[in-house]
Amino acid sequence: CTLLDKASMEIADLEDLALEPEVRKPSGKLVDNSWLKEEESKLPPYAQRGKLHRIACCEKLEGYIDPISKDVVPSKLFLEQRPCCGEKCRHCPYNYENVPKKSPTTPATPAIKYECSSYQLCPSGAPLTVSEAFSEAELNSIPKYAIRGKLHRKAIELQRDCYLNPTNSVATYTQSFLEKLPDCCGERCTHCPFSFRNCPPVGDDDSASTSSDS
């Protein structure tokens, strides 16, 4: 084994160490269905996932067992310890910034990005847009900070399931559409009618208040 070979082996070892935080999977204690209350275990799978993820974050655990696939799902807290891995993790806190973008084969209309892409939310029809909801004169008379609220009310008035947020171009579900669900999906939808009760806490303060409520 020459010195060059040894140097190459050492460089390879260092590269493996550098990559390790990006490929490490959740380990140790994981949340599963046994953590759910009796009434929670009867909820639809998408609602169970939200509650399992919330429990994992409150207990500061690395993940939970998916109630359908039985796969280990990393929690948001675990994923925040490393950069986006590009594997499209369910609770990615980085908005999938390193996930490879698929190049369209034809110059078709860009795919609509919904604020909650998980579980069983299937809106009908295209999101309501600003240009569709208001005339140019109406739009000029509305303060910028009030556009989204008025667009939400207009979408409900027209019985549309969602609208296109003019700030970030994300399709946002209306409250009336979300009220069709039996429970909060846990993905922190903007107009959640369930007071975000299945969403993981945003910070330590939220975590503490959540623990006291439960």
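Right above here is the structure, for reference.
Residues numbered from 1 in each chain as written. Predicted model: local features only at pLDDT ≥ 70, side-chain atom pairs only at ≥ 80, totals over all residues. Heavy atoms only, no water.

Q: Help me understand the side chain of H53 in this model?
A: With respect to the helices and strands, H53 occurs in helix α2 (residues 45-58). The exposure class assigned to H53 is buried, which follows from its relative accessible area of 3%. A polar atom in the side chain of H53 sits 3.0 Å from the backbone nitrogen of K76. For H53, the residues in contact, after removing those within four places along its chain, are Y64, S75, K76, H91 and P200. (Helix = DSSP H or I, 4+ residues; strand = E, 2+ residues; numbered from the N terminus. Buried < 20%, exposed > 50% of the residue type's maximum accessible area, 1.4 Å probe, protein only. Polar contact = N/O pair within 3.5 Å; in protein donor to acceptor, adjacent residues only side chain to side chain. Contact = heavy atoms within 4.5 Å.)

Q: What should I look at first to understand unusual backbone geometry in this one?
A: In terms of backbone geometry, most residues other than glycine have negative phi values and most peptide bonds are trans. Non-glycine residue K70 carries a positive phi angle of around 65°. Considering the arrangement of structural elements, one finds K70 in the loop between β1 (63-65) and β2 (72-74). Overall, the relative accessible area of 55% leaves K70 in the exposed class. Phi is positive for S169, close to 60°, though the residue is something other than glycine. With respect to the element layout, S169 can be found in the loop between β3 (162-164) and β4 (171-173). For S169, a relative accessible area of 48% gives the class partly exposed.

Q: Hey, could you run me through the environment of S195 in this one?
A: Its place among the elements puts S195 in the loop between α7 (175-178) and α8 (204-213). Placed 11 residues apart in sequence, S195 and C184 show a C-alpha to C-alpha distance of 8.0 Å.

Q: It is not clear to me how α2 should be interpreted in this structure. Could you clarify?
A: A rise of 1.5 Å per residue sets the reference length of α2, with its 14 residues, at 20 Å; its end C-alpha atoms lie 20 Å apart and thus fit the reference within 8%. Where burial is concerned, most of α2 is hidden: 12 out of the 14 residues are buried. At the exit of α2 stands K60, carrying a positive phi of roughly 55°. (Expected span 1.5 Å × (residues − 1).)

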